[in-house]
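Chain by chain, the residues run as shown.
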Amino acid sequence: MIAEPIRMQNNNERNGDNGNRGTSVITRTKPKTKKPNLYRVLLLNDDYTPMDFVIHILERFFQKDLESATRIMLHVHNHGVGECGIYTYEVAETKVSQVMDFAREHQHPLQCVMEKK
Ligand code: TYC
């Protein structure tokens, strides 16, 4: 919770009557929380990217252990698409760029996309 000063105009404050008179500061006590928009980062299947390369991607960029990475890779292989993680916009965008750059460097056609939750 953040205490936020809010300037209030008193009843006795008149236009042109400046200085410090006629003002008060109150503090907001209601918790003001905003849920961030979240984005799924997805891997798409293709016929050419090696399974071990996809597992490596999941370990390196999505902090998956070998077992989770293998499970997600096989899910993508069998179903066409799978979730690597859920992030705020900027983090998701960075993950997608990192994966696409790394796949391109290694000349694999792997595709990574993000979608709003
Ligand atoms: N289908 C690929 C193969 O048989 C493996 C693969 C899995 C590719 C997941 C991409 O996102 C992917 N070598």
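Thresholds, definitions, all that
- Residues numbered from 1 in each chain as written.
- Predicted model: local features only at pLDDT ≥ 70, side-chain atom pairs only at ≥ 80, totals over all residues.
- Heavy atoms only, no water.
- Helix = DSSP H or I, 4+ residues; strand = E, 2+ residues; numbered from the N terminus.
- Buried < 20%, exposed > 50% of the residue type's maximum accessible area, 1.4 Å probe, protein only.
- Contact = heavy atoms within 4.5 Å.
- Areas by Shrake-Rupley, 256 points an atom, 1.4 Å probe, with all protein chains shown as cover.
- Near = heavy atom within 4 Å.
- Polar contact = N/O pair within 3.5 Å; in protein donor to acceptor, adjacent residues only side chain to side chain.
- Nonpolar A, V, L, I, M, F, W, Y, C, P; charged D, E, K, R; others polar.

### Comments concerning the overall build of the chain
Stage number 1. Tallying secondary structure elements over the chain gives three helices and five strands in all.
Stage number 2. The order of α-helices and β-strands along the chain, N terminus first, is β-β-β-α-α-β-α-β.
Stage number 3. Relative to its 117 residues, the chain shows a buried fraction of 29%.
Stage number 4. Of all intrachain contacts in the chain linking residues separated by at least 6 positions in sequence, the fraction that spans at least 24 positions is 64%.
Stage number 5. Here the chain has roughly 8700 Å² of accessible surface; of this, 49% comes from carbon and sulfur atoms.

### With respect to the site of the ligand
Stage number 1. Taken together, Leu43, Leu44, Asn45, Asp46, Thr49, Met51, Val54, Met73, Val76, His77 and Leu110 make up all the residues around the ligand.
Stage number 2. Within the side chain of Asn45, one N or O atom sits 2.8 Å away from a nitrogen atom of the ligand.
Stage number 3. A distance of 2.9 Å is found between a nitrogen atom of the ligand and a backbone nitrogen or oxygen belonging to Thr49.
Stage number 4. Counting residues per element, the ones that place at least two in the shell around the ligand are strand S3 (38-44), helix H1 (51-62) and helix H2 (66-79).
Stage number 5. Looking at the shell around the ligand element by element, the count peaks at three residues for H2.
Stage number 6. Residues that form the shell around the ligand fall into these classes: seven nonpolar, three polar and one charged.

### Some remarks on the side chain of Lys95
Stage number 1. Looking at where Lys95 falls in the secondary structure, it is placed in helix H3 (residues 89-105).
Stage number 2. Excluding residues that lie within four positions of it along the chain, Lys95 makes contacts with Val41, Phe61, Phe62, Gln63 and Tyr87.

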